[in-house]
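Coordinate inspection notes
Here is what each chain is made of, one letter per residue.
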Number of protein chains: 2
Amino acid sequence: MKQRKITLTESEIPTHWYNIMADMPNKPLPPLHPATQQPIGPEALAPLFPMELIKQEVSTDQWVEIPDEVRNLYSIWRPTPMFRAYELEKAIGTKSKIYYKYEGVSPAGSHKPNTAIPQAYYNAKEGVKKISTETGAGQWGSSLSFACNLFGIECEVFMVKVSYEGKPYRKVMMNTWGAKVHASPSQLTQAGRSILEKDPNSPGSLGIAISEAVEVAATNEDTKYALGSVLNHVLMHQTIIGLEAKKQLEKAGDYPDIIVAPFGGGSNFAGISFPFLQDNLLHGKKVRAIAVEPTSCPKLTRGVFRYDFGDTVGMTPLLPMYTLGHNFIPSPIHAGGLRYHGAGAIISQLLRDGLIEATSINQIECFEAGVLFSRTEGIIPAPEANHGIAEAIRQAKIADEEGVSKTILFNLCGHGNFDLASYEQFLAGNLVDFEVSQADIEKSIAELTTPTI
Amino acid sequence: MKQRKITLTESEIPTHWYNIMADMPNKPLPPLHPATQQPIGPEALAPLFPMELIKQEVSTDQWVEIPDEVRNLYSIWRPTPMFRAYELEKAIGTKSKIYYKYEGVSPAGSHKPNTAIPQAYYNAKEGVKKISTETGAGQWGSSLSFACNLFGIECEVFMVKVSYEGKPYRKVMMNTWGAKVHASPSQLTQAGRSILEKDPNSPGSLGIAISEAVEVAATNEDTKYALGSVLNHVLMHQTIIGLEAKKQLEKAGDYPDIIVAPFGGGSNFAGISFPFLQDNLLHGKKVRAIAVEPTSCPKLTRGVFRYDFGDTVGMTPLLPMYTLGHNFIPSPIHAGGLRYHGAGAIISQLLRDGLIEATSINQIECFEAGVLFSRTEGIIPAPEANHGIAEAIRQAKIADEEGVSKTILFNLCGHGNFDLASYEQFLAGNLVDFEVSQADIEKSIAELTTPTI
């Protein structure tokens, strides 16, 4: 019997997160104050985040110890399994080896609890009573609800209205873990009201929901804010994925040539790739790390590198990023987690320095890959995860055409149990691909008044 | 750090299923022909099942080897983890130790693929092109769709109409794995048409859907039928759960005093308990095995032991069982997998011989237990699984009152990702408990014309 899964025991859960900031040849430029556009220090973030997370955000320590209590709660679902995709390899007839790390085994169904748990932990330790956040498709909101509940912290989630209405079960999941969920834009915040004044039927967006959640944290003494991607500390927490994956591949006697992951704000991609990129930066390895974004939201492949806001209203600090402009509204593809205008500062710097790669794929090709995957490997993936599968298949085919065998690793970041309405649309032939015109991108970027780099 | 999960490697997946028939002091009475009411031999089942499964159905071999191909496919999600429920124990303040085996990690989300995979395998090996089946809440239909797809067998599922309409995503899941799904009763079968003539708005029932699926198999040369519970071979396949659990508890240096599992037709309960019951039967152990049924469908606790049909129309062989009568319609509780009128022959014989126990719990207590579980252990359980949790909590409290510490093991048979509508109802305070009157039970049983025992 071939070994399909490579597993680790609880005692093999890594003890430290990896902080790529330590090893980057060029560090990201500093965040700027949203009003003064001057560099800000850590203290400016204090209204939003607990001090320990702010320290992590600016840390250049190579390794940050994972607290015992966090490791203990990680063990609810970690270590996650790594699979050799024998059946998928057979189906596409490749000579390459394909591995995937499966993060869908967490109670919330994705990799997001990897950072939700430590974020809730550090908040609880500093006496925070409530955390506000936003969620698009619901994966981050579910994960933070799950984590806050474990620490007895109140959780308030602003959920993009179109998802709130279209994905009612994600909302119930959050309620089951005790969280309060509002459709965004809401009447509860100044940011929400200002959007609704202009457009009472606004379907909402991640950028708007961030504005609402940040406002709640900024205006309430005992409330902090939490973000599920983009920021340095979030990306660092996710390196638990790649650190486990390294151990697992070592057990399999293998090492990747190519690492592939879907790209929304960067946490998925950073999580699986950074620990291997360290080998590139320090030990002369040459792993190719490829971030896969949807063609309809092409910040890495067609965006501009400059300062931009993380939200729509302009409340967050300005970060150096590849962006389509914070007012860019992506087409309504079925991969809500990837519909975000910008990329994290670290990822953006790595891309600018040519240390990682980016590509984009249309949603129909992604769903084709997802259905093929479900019919070969068994698991029905989240639409976001399908982007990684589609690129892994592309890379395997390229290798076959070149007559070589590659070792390809991708991050299967979540299951699709809450996304079956989109599979229904795909199977019925009702999905379309969206093209983004160069004029639309240029217009959105031209509207920016934020500093260029 | 306390060890939360006890895991096994793929090489530790058991090599044989355990067949309790070998060790039962009294074997179940033989099945009878539905028309003649005379005992039938294995050959009478040939239109419905492949020969290898019929052999397993009547086998008294203690151990049946698991084919390599089945073990290989089991490894998609097996071995499943066992957890020590530290957080639940703390929340209820018990001195007892509570363990649970988690079967929700399968791609279909429950324990059902444990038998779907071997059933599809033996059918494929004997050249069967299509399998028909029924499904209630959708767990069995999903699992068989998943398994058939892996062997290139067509799968046709009759889904109880009320679930077909109320749980659309389960249907899409089956479609994603390539299965055809019909709302039952349908116009596609004589059985379905006869029900619809009497009641065009029939919401359907598991018994009706079985009639339809059996008819399709009986009247098509290249089509066989598959059942997700009740039958001996199905229960045997599920012993993979308990066999793994034994190894895991051994690693933890423990052994259960009490085993608890939800009860629908018996496969869940048999799966976790039979390998331990062998120790009772042969090695003088005294594990208490408790089957937990919903108060609104109390076949084990309030039914009669006699021959009855497995379906509504009366097409299946007559089996010796605890039954509420095959026309009994349970109240509409949110645990579709437990709404079945009868119990498997082996389970019924074990209960009659006092070798296992049964109890019933109302749905509100079950949902309370499920929400407590999700807020302590993290996983949101299926409503069926909540029955096991509720009884485990009851047993822990009884032990505390007696001033003793017990080791309690329950089977967490599936996650609740497709059942969040019922959690929504519970959290909103909209659920009610249903009482079944003694008169209704007696009336349903009095209608039976099947042989008494």
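What you see is a predicted model, and the numbers here were worked out from it, not measured in a lab.

Turning our eyes to something else, we now look at the overall build of chain A. Looking only at helices and strands, one finds 17 helices and 15 strands in chain A. By the compact-globule yardstick of 22 Å for 453 residues, chain A fits well, its C-alpha radius of gyration being 20 Å. Along the longest, intermediate and shortest principal axes, the C-alpha atoms of chain A span 60 × 50 × 45 Å. For chain A, the proportion of its 453 residues judged to be buried stands at 66%. Long-range contacts, defined as pairs at least 24 residues apart, comprise 78% of the intrachain contacts of chain A with a sequence gap of at least 6. Charged side chains of chain A number 40 positive and 49 negative; the gap between the two group centres comes to 4 Å.

On to the nonpolar core, then. By size, the foremost hydrophobic cluster in this structure holds 80 residues, and its most contacted members are Trp17, Tyr74, Ile117, Phe274, Ile347 and Leu409 of chain A. Residues within four places of Leu409 of chain A in sequence aside, it is in contact with Met82, Tyr99, Tyr100, Lys101, Ala245, Leu249, Pro256, Ile258, Ile259, Val260, Ile272 and Phe276 of chain A.

With that out of the way, let us pick up the sheet that holds strand E6 (residues 130–135) of chain A. Residue and element names in this part refer to chain A. Strand order in the open sheet made by the four strands is E8-E7-E6-E9, with parallel pairing throughout. The open sheet has two edge strands with one neighbour each: strand E8 (180–184) and strand E9 (223–225). Strand-to-strand twist across the sheet, computed as the mean angle between neighbouring axes with direction ignored, equals 25°. Relative to E8, strand E7 (residues 154–160) is paired through five bridges, and the arrangement is parallel. Residue pairing across strands places Val160 opposite Ser184, the latter belonging to E8.

This brings us to the relation of the copies chain B and chain A. For the pair of chain copies, the relating operation is a rotation around an axis with a shift along it. Rotating chain B by 180° about the axis while translating it 0.0 Å along that axis superimposes it on chain A, leaving an RMSD of 0.0 Å. Accordingly, the operation relating the two chain copies is best matched by a two-fold axis.

It is worth spelling out the sheet that holds strand E7 (residues 154–160) of chain B at this point. Residue and element names in this part refer to chain B. With parallel pairing, four strands are arranged side by side in an open sheet as E8-E7-E6-E9. Each having just a single partner strand, strand E8 (180–184) and strand E9 (223–225) make up the two edges of the open sheet. Across the sheet, the mean angle from the axis of one strand to that of its neighbour is 25°, orientation sign disregarded. As judged from the six bridges shared by strand E6 (residues 130–135) and E7, these two strands associate in the parallel manner.

Before going further, it helps to examine the packing of aromatic side chains. Under the counting rule described, the total for this entry stands at 33 aromatic pairs over all chains. When the ring of Phe146 of chain B is compared with that of Trp177 of chain B, the centres are 5.3 Å apart and the planes differ by 55°; the resulting orientation is tilted. With Phe146 of chain B in helix H5 (residues 139–150) and Trp177 of chain B in the loop between helix H7 (168–176) and E8, the pair connects residues that are 31 residues apart, well separated along the chain. Ring centres of Phe367 of chain B and Phe426 of chain B lie 5.6 Å apart, and the angle between their planes is 20°; this geometry places the pair in the stacked category. You can see Phe367 of chain B sitting in helix H14 (residues 363–376) and its partner Phe426 of chain B sitting in helix H16 (residues 420–427), a full 59 residues away along the chain. Residue Phe367 of chain B is classed as buried on the basis of its relative accessible area, which comes to 2%. For Phe426 of chain B, a relative accessible area of 17% corresponds to the buried category. Ring-pair connections join several aromatic residues into one group, and the members of that group are Tyr74, Trp77, Phe146 and Trp177 of chain A.

Contacts between the two partners involve 47 residues from chain B and, on the opposite side, 47 residues from chain A. Note on chain B versus chain A: buried area summed over both sides is about 4,000 Å², and carbon and sulfur give 56% of it. On the chain B side of the contact with chain A, Met1, Tyr169 and Thr176 of chain B bury the most area, a combined 17% of that side's loss. Taking the shortest distance from any N to any O, the salt bridge between Glu10 of chain A and Lys5 of chain B comes out at 3.7 Å. Summed over the shared surface of chain B and chain A, the result is 24 residue pairs in polar contact (both at pLDDT 80 or more).

To continue, consider the pairing of strand E11 (residues 288–294) of chain B. All names here are of chain B. With respect to burial, E11 is a largely interior element, six of its seven residues being buried. Pairing of strand E10 (residues 258–262) with E11 involves five bridges; the strand directions are parallel. Bridging from a neighbouring strand, Ile258 pairs with Arg288 of E11. With helix H11 (residues 267–283) bridging E10 and its parallel neighbour E11, the resulting β-α-β unit is right-handed. With five bridges connecting them, E11 and strand E14 (residues 357–361) associate as parallel partners. If you follow Ala291 over to E14, its bridge partner there is Ala358.

All names here are of chain B. Taken N-terminus to C-terminus, the directions of H14 and H16 make an angle of 105°; their axes are 11 Å apart at the nearest point. With respect to their mutual orientation, H14 and H16 come out roughly perpendicular. Across the interface between the two elements, Ile364, Phe367, Glu368, Gly370, Val371 and Arg375 from H14 touch Ser422, Tyr423, Phe426 and Leu427 from H16. Taken together, the residues of the contact of H14 with H16 sort by class into six nonpolar, two polar and two charged.

Residue and element names in this part refer to chain B. With 13 residues, helix H9 (residues 206–218) extends 18 Å between its outermost C-alpha atoms, agreeing within 8% with the 18 Å of an ideal straight helix rising 1.5 Å per residue. Of all the 13 residues making up H9, twelve are buried; the element is thus mostly covered by neighbouring parts of the structure. Looking at H9, one finds that the buried residues are Leu206, Gly207, Ile208, Ala209, Ile210, Ser211, Glu212, Ala213, Val214, Glu215, Val216 and Ala217. Packed against the buried residues of H9 are E6, E7, E8, helix H8 (190–198) and E9.

Per-residue pLDDT for chain A has a mean of 96; in total, 100% of the residues score no lower than 70. Per the prediction output, this complex has pTM 0.96; the corresponding ipTM is 0.95.

Here we come to the environment of Ser348 of chain A. Residues and elements named next belong to chain A. Structurally, Ser348 can be placed in helix H13 (residues 345–352). On a C-alpha basis, the gap between Ser348 and Ile259 in space is 17 Å, while along the polypeptide they are 89 residues apart. Contact partners of Ser348, with chain neighbours within four places excluded, come to Phe305, Pro320, Met321, Tyr322 and Ala343. At 2.9 Å, the side chain of Ser348 and the backbone oxygen of Gly344 are in polar contact.

Our focus in this paragraph is the side chain of Ser163 of chain B. Residue and element names in this part refer to chain B. Following the sequence through the fold, Ser163 ends up in helix H6 (residues 161–166). Take Ser163: its relative accessible area is 15%, and that puts it in the buried class. Setting aside residues no more than four positions away along its own chain, Ser163 makes contact with Gly136 and Ala137.

Turning our eyes to something else, we now look at unusual backbone geometry. Excluding glycine, a negative phi dihedral is what most residues carry, and trans is how most peptide bonds are arranged. Look at the link from Ser184 of chain A to Pro185 of chain A: it is a cis peptide, with omega at 5°. Summarising the element assignment, Pro185 of chain A is placed in the loop between E8 and helix H8 (190–198). One non-glycine residue with positive phi stands out, namely Gln37 of chain B, at about 60°. Tracing the chain through its elements places Gln37 of chain B in the loop between strand E2 (16–18) and helix H1 (51–58).

All names here are of chain A. Running from N to C, helix H4 (residues 113–125) and helix H5 (residues 139–150) cross one another at 40°; their axes reach a closest spacing of 8 Å. Once H4 is placed against H5, the crossing between them reads as right-handed. From H4, Pro113, Thr115, Ala116, Ile117, Gln119 and Ala120 reach across to H5, where they touch Trp140, Ser143, Leu144, Phe146, Ala147, Cys148 and Leu150. Its residues assigned to classes, the contact of H4 with H5 shows ten nonpolar, three polar and no charged.

Turning our attention to the environment of Glu65 of chain B. Along the chain, Glu65 of chain B falls in strand E3 (residues 63–65). In this structure, the C-alpha to C-alpha distance between Glu65 of chain B and Pro113 of chain B, residues 48 residues apart in sequence, is 17 Å.

A few words on the environment of Thr15 of chain A. All names here are of chain A. Along the polypeptide, Thr15 turns up in the loop between strand E1 (5–6) and strand E2 (16–18). The exposure class assigned to Thr15 is partly exposed, which follows from its relative accessible area of 40%. In sequence terms Thr15 and Pro67 are 52 residues apart; their C-alpha atoms lie 8.0 Å from each other. When neighbours within four sequence positions are excluded, Thr15 is seen to be in contact with Val64, Glu65, Ile66 and Arg71.

The rules we used
Residues numbered from 1 in each chain as written. Chains lettered and ligands numbered in written order. Predicted model: local features only at pLDDT ≥ 70, side-chain atom pairs only at ≥ 80, totals over all residues. Heavy atoms only, no water. Helix = DSSP H or I, 4+ residues; strand = E, 2+ residues; numbered from the N terminus. Rg over C-alpha atoms; globule rule 2.2 N^0.38 Å. Buried < 20%, exposed > 50% of the residue type's maximum accessible area, 1.4 Å probe, protein only. Contact = heavy atoms within 4.5 Å. Lys, Arg positive; Asp, Glu negative; His and termini not counted. Charge placed at Lys NZ, Arg CZ, Asp CG, Glu CD. Core = buried A, V, L, I, M, F, W, Y, C linked by side-chain atoms within 4.5 Å. Pairing = 2+ DSSP bridges. Axes fitted to C-alpha atoms, helices over the stretch in contact; angles between N-to-C directions. Least-squares fit on C-alpha atoms with pLDDT ≥ 70 in both. Phe/Tyr/Trp six-rings, centres within 6.5 Å; stacked < 30°, edge-to-face > 60°. Buried area = accessible area lost by both parts, 1.4 Å probe. Salt bridge = Lys/Arg side-chain N within 4 Å of Asp/Glu carboxyl O. Polar contact = N/O pair within 3.5 Å; in protein donor to acceptor, adjacent residues only side chain to side chain. Right-handed = clockwise from strand over helix to strand, strands pointing away. Parallel < 35°, antiparallel > 145°, perpendicular 65-115°, else oblique. Nonpolar A, V, L, I, M, F, W, Y, C, P; charged D, E, K, R; others polar. Expected span 1.5 Å × (residues − 1). pLDDT = per-residue confidence, 0-100. Left-handed = near helix turned anticlockwise from the far one by under 90°.

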